[in-house]
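Per-entry structural report
Each chain is listed here by its residues.
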Amino acid sequence: MQIHWREIIRRPVVTEKSSYMVDFNNQYTFVVHSRANKMQIKQAVELAYPEVSVEKVRVANMPAKRARRFRRVTTRKSGWKKAVVTLAPGDTIPLFEGV
């Protein structure tokens, strides 16, 4: 069953650490579908950005966390899956440039 790349790649993660990884390691971080595997993530990135080639994909399941709202009310933020994608030397994704 073929899944569209937009269902696999949810959104990019833009933080200080991810910006550092883009600048020095040529690694990009994405929030991905929780059931996606490394091969699907690699294909989705290469379909979304045809000018890049993916060398390596690392995946981590980020745990759910408790959050507090209005002093006493506690809620639960759901867990999510993070993918760190390493591109070939010289390749860049323009979405992350200048952020």
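From a predicted model like this one, the values you see are computed outputs, not experimental measurements. (Residues numbered from 1 in each chain as written. Predicted model: local features only at pLDDT ≥ 70, side-chain atom pairs only at ≥ 80, totals over all residues. Heavy atoms only, no water.)

**Details of the packing of aromatic side chains**
On inspection of all chains with the given rule, the structure shows one aromatic pair. On the basis of an interplanar angle of 40 degrees and a centroid distance of 4.6 Å, the ring pair of Tyr20 and Phe24 is categorised as tilted. Of this pair, Tyr20 and Phe24 both sit in helix α2 (residues 16–25), four residues apart, which is roughly one turn of the helix. What makes Phe24 exposed here is its relative accessible area of 58%. (Phe/Tyr/Trp six-rings, centres within 6.5 Å; stacked < 30°, edge-to-face > 60°. Helix = DSSP H or I, 4+ residues; strand = E, 2+ residues; numbered from the N terminus. Buried < 20%, exposed > 50% of the residue type's maximum accessible area, 1.4 Å probe, protein only.)

**Focus: the pairing of strand β4 (residues 65–69)**
Relative to strand β5 (residues 73–77), β4 runs antiparallel, the two being bridged by five bridges. Of the residues in β5, the one forming a bridge with Lys65 is Lys77. Counted along the chain from β4 to the antiparallel partner β5, the turn is three residues long, and its residue Phe70 has a positive phi close to 55 degrees. (Pairing = 2+ DSSP bridges.)

**Some remarks on a positive patch on the surface**
Together, Lys17, Lys38, Lys56 and Arg58 make up a positively charged patch on the protein surface. On the secondary structure map, Arg58 appears in strand β3 (residues 54–62). (Patch = residues over 30% accessible without salt bridge, like charges linked within 9 Å, V, L, I, M, F, W, Y side chains within 5 Å. Areas by Shrake-Rupley, 256 points an atom, 1.4 Å probe, with all protein chains shown as cover. Salt bridge = Lys/Arg side-chain N within 4 Å of Asp/Glu carboxyl O. Lys, Arg positive; Asp, Glu negative; His and termini not counted. Charge placed at Lys NZ, Arg CZ, Asp CG, Glu CD.)

**Some remarks on the sheet that holds strand β1 (residues 9–12)**
In space, the four strands of this open sheet follow the order β1-β2-β6-β3, with antiparallel pairing throughout. Each end of this open sheet is capped by a strand with a single partner; those strands are β1 and β3. Taken over all neighbouring pairs, the strand axes of this sheet differ in orientation by 30 degrees on average, direction set aside. Where β3 lies against strand β6 (residues 80–87), eight bridges are found, and the strand directions are antiparallel. Paired with Asn61 across the strands is Lys81, a residue of β6. Each of β2 (27–32) and β6 is contacted by α2, which is oriented at about 140 degrees to β2, the strand it contacts most. Packing of helix α3 (residues 38–48) onto the sheet brings it into contact with β1, β2, β3 and β6, and relative to β3 it is tilted by some 120 degrees. (Axes fitted to C-alpha atoms, helices over the stretch in contact; angles between N-to-C directions. Contact = heavy atoms within 4.5 Å.)

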